[in-house]
Amino acid sequence: MKIQEADAKKLLLAQGLPVPPWEVARSPAEARAAASRLLHGAGHARQVVIKAQVLVGGRGKAGGVRLAATDDEAEHVADDILGMSIKGIAVRKVLVAPAADIVRELYLAAVLDRAARRILLMGSAEGGVEIEQVAATNPDAIVRIHADPLLGLRDWQARELAFRLGLNAHLKATVGIAKGLVRTMLANDADLVEINPLAIVREGAGAGEERLVCLDAKITLDDSALFRHQDHEALRDPDEEAPADAEARRHDISFIHLDGTIGCMVNGAGLAMTTMDLVKRAGGEPANFLDIGGGAKAERVAAAMRLILAEPRVEAILVNIFGGITRGDEVALGLIEARKQQSRDVPMVVRIVGTNAAEAARLLEEAHFETAASLDEAAEKAVAAARAQGQAA
Amino acid sequence: MKIQEADAKKLLLAQGLPVPPWEVARSPAEARAAASRLLHGAGHARQVVIKAQVLVGGRGKAGGVRLAATDDEAEHVADDILGMSIKGIAVRKVLVAPAADIVRELYLAAVLDRAARRILLMGSAEGGVEIEQVAATNPDAIVRIHADPLLGLRDWQARELAFRLGLNAHLKATVGIAKGLVRTMLANDADLVEINPLAIVREGAGAGEERLVCLDAKITLDDSALFRHQDHEALRDPDEEAPADAEARRHDISFIHLDGTIGCMVNGAGLAMTTMDLVKRAGGEPANFLDIGGGAKAERVAAAMRLILAEPRVEAILVNIFGGITRGDEVALGLIEARKQQSRDVPMVVRIVGTNAAEAARLLEEAHFETAASLDEAAEKAVAAARAQGQAA
Amino acid sequence: MSILIGRETRLVVQGITGREGEFHARAMQAYGTAIVGGMTPGKGGQKALDDTVPVFDTMSEAVRETGANTSCIFVPAAGAPDAILEAAAAGIGTIFCITEGIPALDMVPVVAAVRAAGATLIGPNCPGATSPGRAKVGIIPGSIHREGSVGVVSRSGTLTYEAVQAMTDAGIGQSTCVGIGGDPIIGSTFLEVLQLFAADPETEAIVLIGEIGGAAEEEAAAWAATNLAGVPKAAFIAGRTAPEGKRMGHAGAIISGGAGTAGSKVAALEAAGFGVAGSPTELPQLLRDAGYRG
Amino acid sequence: MSILIGRETRLVVQGITGREGEFHARAMQAYGTAIVGGMTPGKGGQKALDDTVPVFDTMSEAVRETGANTSCIFVPAAGAPDAILEAAAAGIGTIFCITEGIPALDMVPVVAAVRAAGATLIGPNCPGATSPGRAKVGIIPGSIHREGSVGVVSRSGTLTYEAVQAMTDAGIGQSTCVGIGGDPIIGSTFLEVLQLFAADPETEAIVLIGEIGGAAEEEAAAWAATNLAGVPKAAFIAGRTAPEGKRMGHAGAIISGGAGTAGSKVAALEAAGFGVAGSPTELPQLLRDAGYRG
């Protein structure tokens, strides 16, 4: 689960990391008030930065991050940004913060390294750009340090990171921030805690003092660990979750919307991707990825069917179940029930093998479902059915 | 550093351990008021227990733990206990708590196991008695589980402890308490966190519900870790620390008062014990253990001398310094200065070898100190001097 | 022979008194796996599976009393990491963790500690393993298998069943089928299982079932190129049509920053001498094409 | 030969730019120890000890640049556990931690991790070791030694000097003198150092200097009884007159519950064939009595 910048910053602050102040505004007026406090308050910011709060990347390029020097300008800029839509997501909130006097930008992240089975600290002397881009153009600029799986990230490791990033003048601060990122990760069961940019900023008037601060923050939480972080559910942004996604989550269904015409219902993520691949191979386009998970009962099957049919583009449905924990007859019953409630008539091809497949076959036959023996055959039939449906429409 | 029961219980509560309520009273009137709240308040205790708050063991046997059923009785009992002196320590505080309806008493402690270099959980089905006694009479009754040095105490280990203590009916509670003891140890840098008794008590009216609670608590803190627990200094009980001990601590001198007549000043704990042993072997009795530590300067030497002379029984002083980090000439200067300020004239035998010993010898000779070449000789001379002094007095 | 499990397997089922644990323990027993004990804290002294299997409170007791060498874990996610460590500390050499939904960071120290203890962990969030005709540990349906000499390793669940069924239907049997699990942090990788197959005299061919995301398939391919050079090898990669930046499944695979694509995996596998199938049903023919005659 | 340190020692001093670190590094260098580098984070690039020794920011750099195999730690207590781990991770095989006042619980994971890394830790809160005529690492005054074949192991500081001086005065030289430190949790015990001496062809006799508290002396005695049977052995135990329940020294020894007494240790050592001295000055004669002719 991704969380918004402002929430991520709160989690960083809770671990004692240096994050400059900010406010969140939901309207131009709120943004004006926030800017006013920052421009004329104790901090005496010379400018404020106003940033769109959306979970998708690339908001900067999209014009979702802008500066303002006066209350009027802040209101105006916020009005612009709050009217934007970035990669299809309407901007409903902005973050208002004092504009930093940046001396140098870096990148620092704690990520779960699957291959090494450890927490990885990734630092780059090139901040402000995407790490994948640095990895592609200047891989040597990336410093990688693995935390010990049993001892955690030790000070000496964080110092090594600091030296390799050329942060000798900010040794203690770097150690504190690196350890704080790992602490934030562990305290919140995050997969990723990314600071980009981590910046050396000049504070105070004139030459000022240089300080290392977290200017942006991106945190991804491990969905599997939500059960022990009850406060995290509140960080889910309802503005950014499509109704279908929320519905899928409620039923413990893994669902991703795609652009094709053939709805897929499968048990198991690998098999679901394979089903999509075979639909494509047979000349069709999948309308979704949908994994009903292990041991799905009739009720979940019906919910999955509703999710698929909610997309008007869907012209055929392919159900592919390899019973293991999941019982084929339960799925068949769910399909029969779902078809009764179905608002529109879409052709369906069903393949059920494995546990209780014989019972399932009998049920499906009685209910006059079109079935298929192999996955390849099922994909071909579904693509043909969609074509026929498309031509009929 | 040992801390009082009430403070230990606070540290346990902070880690979420089940500790029944208590109050601390410094006068019979305060004890009466506390008892009144417990006997007539929400808890409706049938009796209260009043316990002397002293750091020495054996307060139960000394009559420092007694029950009271009424306000009057509580006041009377508290008056008795507050008038007591246990092993030479005047009782200045009592703890007042509801008397528990005890079904079964056990023992549970987390200790630092030097030999295994791990944290050791020690449990015994025989609670309420000293663990050393159980170890002597019924060693099989003691269950030992080491926490993993890298993973900590895992649930399965705590369950193993519970099963072996016959606490099957309190499995979750035992796991919670065992892990809580280790957490208390780590959070506070304690060498020892001991619950004796850990008790199954009946709560509520009638048959009531059985619950596992920590009825007593003993915690010893690691002095080396006080630098990172600034709140712990407040737990030091000034009532229980002799002025000499406080003075020694201020000067970073390790000092233990003994009953003999020969004051000892040595650098290094092992050498200090050896010096005591050789005094005894030469027919004398050491008046103290005193380690001035490494790199002692003149000021600390003078403070050590004051500590030794504060004991009127002292009839001779033996100074034994093997210079390594400590410079012999610094010690000699300190001794010369200390003798000038000295309130009474006590014979002194000085042996300084190692770093800058030649300079020290010159200084001591100029100042007419009696010196010795070997440690054996120094001990013999000091014993002889004490005898002469004792006869002269 | 076979890898990980076989006739010598003496299995303890951790969480045997739970609904899932009991259901699958029955299926394993029916397949012929020697289940010597079960373990559920607080249920010690009971008997499970129609009074055929003693239940213990602790793994140390279970191992002491039964001589178990293998365990299979069905305990809920919150307790599963601990169950793995308890098994390793009790001296269990091969541990299968079926449990899904374990927070990934919990597994980091657990995997390191299990390795340090010298045990092998498969999973979590895996379907287990079957050595057809000998033993089955986990939840893979026993009926899809056939005795033979192809070693199968996969990070999927039902996709594995699909592939194995296709092989069995084509008359190609398996030495051992291993589902390594799809979680971010797992006990044994593709590479580690391939190393076991390489050392197994009865495994004569390899099938690898991968997915988009990560670089574990590429890593395994690079090793196989030199260490399994003469061995017939086929593979299938799921997710050729998966879009970038979307997580496919709960704990699942994700393509990010252009890494972990099906294309990269297919290329690496082909370069290492794997025949790469467009559908699981093509795996048997690819093995034949590679010279497999088993 | 010798144990732990010798002519092959290539030493890095961690904390070389501190007051104590520099002072003792000079003494070590004067004794003839090959100090190949120093390490202080943030002081990398400087030169220490009159421009003779390069200073590095990290241990990995120090080892890479100098081929160091040994380190000696003088950093303050709060940073010392980390310094030990950094040395071990950099591949240092023998680590001496002189620092005193490290919280005991900090050392529990550190000792376990250092062992897992295959390194040997001496200390903390120890005076170090000297192999007379070859190398000295730590703070033991070099002047008290004489080259020879008696292995000395002690958990005290100045008491060790006293014992070694007595031996040197009597014409008895040492192969290596090791101070293992008096802290609750130490990297190497009496037993572990005795095992090193037992494997050293140049060590022909043993002197053990113990104190009250714990059971480390008894444990070492039990091992020596069978494994050092023919070797002349002498010991001294400090604290015969120490009262029960009082901690002798800052981190020091304590007799509690009747365990850890001098009587118990003396009895165990005598039973194992050690001659036990009433004063350190008696150690040379006890070695002679045990047949030592070195």
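Everything quoted here is computed from the prediction, not taken from an experiment.

Cut-offs and rules
Positions within a chain are numbered from 1, following the residues in the order the chain's sequence is written. All chains are assigned letters beginning at A, and all ligands numbers beginning at 1, according to the order in which they are written. Local features are withheld for residues below a pLDDT of 70 in this predicted model, meaning they are given only at 70 or higher, and side-chain atom pairs are given and counted only at 80 or more; totals for whole chains, interfaces and linings count all residues. The side-chain numbers reported here are obtained from all heavy atoms of the structure, hydrogens and water having been left aside. Helix numbers and strand numbers start at the N terminus; a helix is a DSSP run of H or I with at least 4 residues, a strand a run of E with at least 2. Helix span, expected: 1.5 Å multiplied by one less than the number of residues in the helix. Only protein chains enter the accessibility calculation, which uses a 1.4 Å probe; a residue is then buried when its area is under 20% of its type maximum, exposed when over 50%, and partly exposed in between. Regarding the arc, it is the one traced by the directions from the helix axis to the C-beta atoms. At least two bridges found by DSSP between two strands is the condition for calling them paired. Only the contacting stretch of a helix is used when fitting its axis, a line to C-alpha atoms as for every element, and angles between N-to-C directions run 0 to 180 degrees. Throughout, a contact is declared for two residues whenever any of their heavy atoms are within 4.5 Å. Patch members must show over 30% relative accessible area and no salt bridge, and they are joined within 9 Å when carrying like charges or within 5 Å when they are nonpolar side chains of Val, Leu, Ile, Met, Phe, Trp or Tyr. All accessible-area figures derive from a Shrake-Rupley calculation using a 1.4 Å probe, and residue coverage is judged against the displayed protein chains alone. Salt bridge, as used here, is a side-chain nitrogen of Lys or Arg placed within 4 Å of a carboxyl oxygen of Asp or Glu. The charge count treats Lys and Arg as positive and Asp and Glu as negative. His and the chain ends do not count. Positions of charges follow a simple convention, taking NZ of Lys, CZ of Arg, CG of Asp or CD of Glu. In this entry, domain limits derive from an automatic or database-based domain assignment. Two parts lose some accessible area (1.4 Å probe) when they are put together, and adding that loss for both gives the buried area. Here a polar contact means two N or O atoms within 3.5 Å. Within protein one must be a hydrogen donor candidate and the other an acceptor candidate, and residues neighboring in sequence count only if both atoms are side-chain atoms. Classification used: nonpolar for Ala, Val, Leu, Ile, Met, Phe, Trp, Tyr, Cys and Pro, charged for Asp, Glu, Lys and Arg, polar for all others including Gly. Clockwise travel from the first strand over the helix to the second, with the strands pointing away from the viewer, marks a crossover as right-handed. Any angle between 65 and 115 degrees counts as roughly perpendicular, while under 35 counts as roughly parallel, over 145 as roughly antiparallel, and the rest as oblique. The hand of a helix crossing depends on one turn: near helix anticlockwise from the far one by less than a right angle means left-handed, and clockwise means right-handed.

**Section: helix α3 (residues 71-82) of chain A**
All names here are of chain A.
Working step 1: Given a rise of 1.5 Å per residue, 12 residues ought to cover 16 Å, and the 16 Å separating the end C-alpha atoms of α3 matches this to within 8%.
Working step 2: Every buried residue of α3 is listed here: Asp-71, Ala-74, Val-77, Ala-78, Ile-81 and Leu-82. Viewed end-on, α3 has its buried residues packed into an arc of 130°, placing them on one side of the element.

**Re the sheet that holds strand β14 (residues 275-277) of chain C**
Working step 1: A sheet is described by the order of its strands in space; here 7 strands give the open sequence β9-β8-β11-β10-β12-β13-β14 (chain C), paired in mixed fashion. Looking at strand neighbours, the two that pair on one side only are β9 (135-138) and β14 of chain C, the edges of this open sheet. Averaged over all neighbouring strand pairs, the angle between strand axes comes to 15°, with direction disregarded.
Working step 2: As paired elements, strand β10 (residues 147-154) of chain C and strand β12 (residues 205-211) of chain C share 5 bridges and run parallel to each other. Considered in β12(C), the bridge of Ser154(C) is made with Ile209(C).
Working step 3: Together, β12 and β13 (233-238) of chain C form the strand contacts of helix α8 (residues 269-281) of chain A, whose direction differs from that of β13(C) by roughly 90°.
Working step 4: Set on the sheet, helix α5 (residues 158-169) of chain C makes contact with β10, β11 (174-179), β12 and β13 of chain C; between it and β10(C) the angle comes to about 155°.

**Here's the deal with a positive patch on the surface**
Working step 1: On the surface, Lys2(A), Lys61(A), Lys87(A) and Lys246(C) cluster together into a patch of positive charge.
Working step 2: For Lys2(A), the position within the fold is in strand β1 (residues 2-3).
Working step 3: When its relative accessible area of 45% is taken as the criterion, Lys2(A) is described as partly exposed.

**Focus: the domain arrangement of chain C**
Residues and elements named next belong to chain C.
Working step 1: Assigned domains of chain C: these are domain 1 (11-122) and domain 2 (140-289).
Working step 2: Summarising the inter-unit geometry, the C-alpha centres of domain 1 and domain 2 are found 26 Å apart.
Working step 3: Between domain 1 and domain 2 the total buried area reaches about 830 Å² when both faces are included, carbon and sulfur atoms providing 62% of it.
Working step 4: When the buried surface of domain 1 facing domain 2 is broken down by residue, Tyr-31, Arg-115 and Ile-122 rank first, second and third, together holding 44% of it.
Working step 5: Where domain 1 packs against domain 2, one counts 1 salt bridge.
Working step 6: One can count 2 residue pairs in polar contact (both at pLDDT 80 or more) joining domain 1 with domain 2.
Working step 7: Per-element tally for the side of domain 1 that touches domain 2: the top contributor is helix α4 (residues 104-116), with 5 residues.
Working step 8: Grouping the constituent residues of the side of domain 1 that touches domain 2 by class yields 8 nonpolar, 1 polar and 1 charged.

**So, the pairing of strand β6 (residues 94-97) of chain D**
Residues and elements named next belong to chain D.
Working step 1: Of the two faces of β6, both are covered, the one formed by Thr-94 and Phe-96 as well as the one formed by Ile-95 and Cys-97.
Working step 2: Across 4 bridges, strand β5 (residues 70-73) lies against β6 in parallel orientation. Across the sheet, Ser-71 pairs through a bridge with Ile-95, a residue of β6.
Working step 3: Note that the unit made of β5, helix α3 (residues 80-89) and β6 has a crossover that is right-handed.
Working step 4: Bridge count for β6 against strand β7 (residues 120-122) is 3 bridges, and the pairing is parallel. Opposite Thr-94, over in β7, you have Thr-120 as the bridge partner.
Working step 5: With helix α4 (residues 104-116) bridging β6 and its parallel neighbour β7, the resulting β-α-β unit is right-handed.

**Observations concerning the domain arrangement of chain A**
Residues and elements named next belong to chain A.
Working step 1: Assigned domains of chain A: these are domain 1 (1-20 + 101-237), domain 2 (21-99) and domain 3 (243-392).
Working step 2: Taking only C-alpha atoms into account, the centre of domain 1 sits 23 Å from that of domain 2.
Working step 3: On the side of domain 2, 12 residues touch domain 1, which itself brings 14 residues to the contact.
Working step 4: In this assembly, domain 1 packs against domain 2 so that about 1200 Å² is buried in total across both faces, 49% of it on carbon and sulfur atoms.
Working step 5: It is Gln-4, Glu-5 and Pro-20 that lose the most area in domain 1 upon contact with domain 2, and together they represent 41% of the buried surface on that side.
Working step 6: Between Arg-59 and Asp-216 there is a salt bridge, with the nearest N and O atoms lying 2.9 Å from each other.

**Section: the interface of chain A and chain D**
Working step 1: In this assembly, 9 residues from chain A lie in contact with 13 residues from chain D.
Working step 2: Per-element tally for the side of chain A that touches chain D: the top contributor is helix α5 (residues 155-164) of chain A, with 5 residues.
Working step 3: Per-class residue counts for the side of chain A that touches chain D are 4 nonpolar, 1 polar and 4 charged.

**Examining the packing of helix α5 (residues 155-164) of chain B against helix α6 (residues 171-188) of chain B**
A pair of packed helices can be characterised by two numbers: the angle between their axes and the separation between those axes.
Residue and element names in this part refer to chain B.
Working step 1: Interhelical geometry of α5 versus α6 gives an angle of 120° and a closest axis separation of 9 Å. When the interaxial angle is binned, α5 and α6 end up oblique. The handedness of the crossing between α5 and α6 is right-handed. From α5, Asp-155, Ala-158, Arg-159, Leu-161, Ala-162 and Phe-163 reach across to α6, where they touch Leu-171, Thr-174, Val-175, Ala-178 and Lys-179.
Working step 2: Here the residues of the contact of α5 with α6 sort into 7 nonpolar, 1 polar and 3 charged.

**Focus: the environment of Cys264(A)**
Residues and elements named next belong to chain A.
Working step 1: The residue Cys-264 is located in strand β15 (residues 262-266) in this model.
Working step 2: Residue classification places Cys-264 among the buried residues on the basis of a relative accessible area of 1%.
Working step 3: In sequence terms Cys-264 and Leu-290 are 26 residues apart; their C-alpha atoms lie 6.2 Å from each other.
Working step 4: The residues touching Cys-264, leaving out its near neighbours within four places in the chain, are Thr-275, Val-279, Pro-286, Asn-288, Leu-290, Ile-308 and Leu-318.

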